[in-house]
Amino acid sequence: MTLRFRVLGSGSGGNATLVEGGGALVLLDAGLGPRQLAERLQSAGVDPGALDAVFVSHEHGDHARGALAFSVKWGVPLALTRGTFRAAGFAAAKLPACEEIAPGETRTIRKLAVRAVAVPHDAASPLAFVVSAGAVSFGHATDLGHLSRGLVDAFRRCDAVLVESNYDPAMLRDGPYPWSLKERILGPFGHLSNGDVGRLLEKGLGETCRQVVLAHLSRKNNHPELALQAAEEALGRAGRREVEVALAAPEGTGWIAVRASRAVARRRDGQMRLF
Ligand SMILES: [Zn+2]
Ligand SMILES: [Zn+2]
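This write-up is about the structure you can find in this document. Predicted model only: the values in this text are computed from it and were never measured.

Here seven strands make up an open sheet; going across it, the order is 6-5-4-3-2-1-14 and the pairing mixed. Each having just a single partner strand, strand 6 (98-100) and strand 14 (256-258) make up the two edges of the open sheet. Going from strand to strand, the sheet's axes swing by 25 degrees on average, the running direction of each strand aside. In this structure, strand 3 (residues 24-28) lies alongside strand 4 (residues 53-55), joined through three bridges in parallel fashion. If you follow leucine 28 over to strand 4, its bridge partner there is phenylalanine 55. Sheet strands in contact with helix 1 (residues 34-43) are strand 1 (3-9), strand 2 (16-21) and strand 3, and its direction is about 140 degrees off that of strand 1.

This is how it looks when you write it as structure tokens:
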């Protein structure tokens, strides 16, 4: 079964990732305005009204800004936690359809499964997602302040992961943000640094993972080259040269196919036993 994804927006300007697999199409976050979101879907060759659901990770504007208007305009249901629903102010709106999803739960649309994973971030009830079609899985985690056990466990079985690499600590400390905001970003419920991602890639990546996308880079507190270098050095230390690393630009990426490396590994095991 094939699984592929395409980042439509990344960073403080708005986050959204399109995922297709198992006969379903879903959006993870809708942090772009509804018109821009529709345009980017159309340039990906997708009719916005053909989406099966929009999963909203948390209520911050760069993830939820366009969700309500997009859902109303295109008749696409939202899926989100009760905390996000309340904090985003969606309770007062007339949504075409809205489904509550709690951390640890999985929603299955045809043969595409989306699992909600709780993450530590300063929002009401924020989530990461693991999207699976058959034996292939893709992990998607944007805003989180530290690498929680639950997230690392969920990502260990993924064939591809997208994770935020938000800031370089020295750039953040010396940068223009007020100290209160710096403290928030650096704190356990803020964002992941390039070094945090390095630790995940060095120690927490599953054997089957072959692709890493670094996302949600801060324009003021990071450089794409620094994020990429930290990730590649970490993979080098772990002896994982087979893992490809890509950066999500603010305007997104092209389609990225998730390869079924676990299935390939299993087949190889079978062949080994034959001899
Ligand atoms: Zn956030
Ligand atoms: Zn964010």
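Let's pick the thread back up.
If you trace the seven strands from one edge of the open sheet to the other, you get 7-8-9-10-11-12-13, paired in mixed fashion. A strand with exactly one partner marks an edge of an open sheet, and here the two such strands are strand 7 (106-109) and strand 13 (244-247). Averaged over all neighbouring strand pairs, the angle between strand axes comes to 15 degrees, with direction disregarded. Here strand 10 (residues 136-141) runs beside strand 11 (residues 160-164); their pairing, made up of four bridges, is parallel.

Turning next to the coordination of the zinc ion (ligand 2). Taken together, the protein ligands of the zinc ion (ligand 2) are Asp62 (OD), His63 (NE2), Asp143 (OD), Asp143 (OD) and His216 (NE2), with distances of 2.1 to 2.8 Å. Going along the chain, you hit the donors of the zinc ion (ligand 2) in the pattern D-H-x79-D-x72-H. Here the zinc ion (ligand 1) and the zinc ion (ligand 2) are spaced 3.8 Å from one another, each receiving a donor from aspartate 143. For histidine 63, a relative accessible area of 0% corresponds to the buried category.

We now examine the environment of glutamine 211. Inspection of the secondary structure puts glutamine 211 in strand 12 (residues 211-215). Setting aside residues no more than four positions away along its own chain, glutamine 211 makes contact with Asp159, Ala160, Val161, Val243, Glu244, Ile256, Ala257, Val258 and Arg259. Polar side-chain contacts of glutamine 211 include one of 3.1 Å to the backbone oxygen of alanine 257.

Scoring rules and cut-offs
- Residues numbered from 1 in each chain as written.
- Chains lettered and ligands numbered in written order.
- Predicted model: local features only at pLDDT ≥ 70, side-chain atom pairs only at ≥ 80, totals over all residues.
- Heavy atoms only, no water.
- Pairing = 2+ DSSP bridges.
- Helix = DSSP H or I, 4+ residues; strand = E, 2+ residues; numbered from the N terminus.
- Axes fitted to C-alpha atoms, helices over the stretch in contact; angles between N-to-C directions.
- Contact = heavy atoms within 4.5 Å.
- Donors = N, O, S within 2.8 Å, 3.2 Å for Na, K, Ca; no water.
- Buried < 20%, exposed > 50% of the residue type's maximum accessible area, 1.4 Å probe, protein only.
- Polar contact = N/O pair within 3.5 Å; in protein donor to acceptor, adjacent residues only side chain to side chain.

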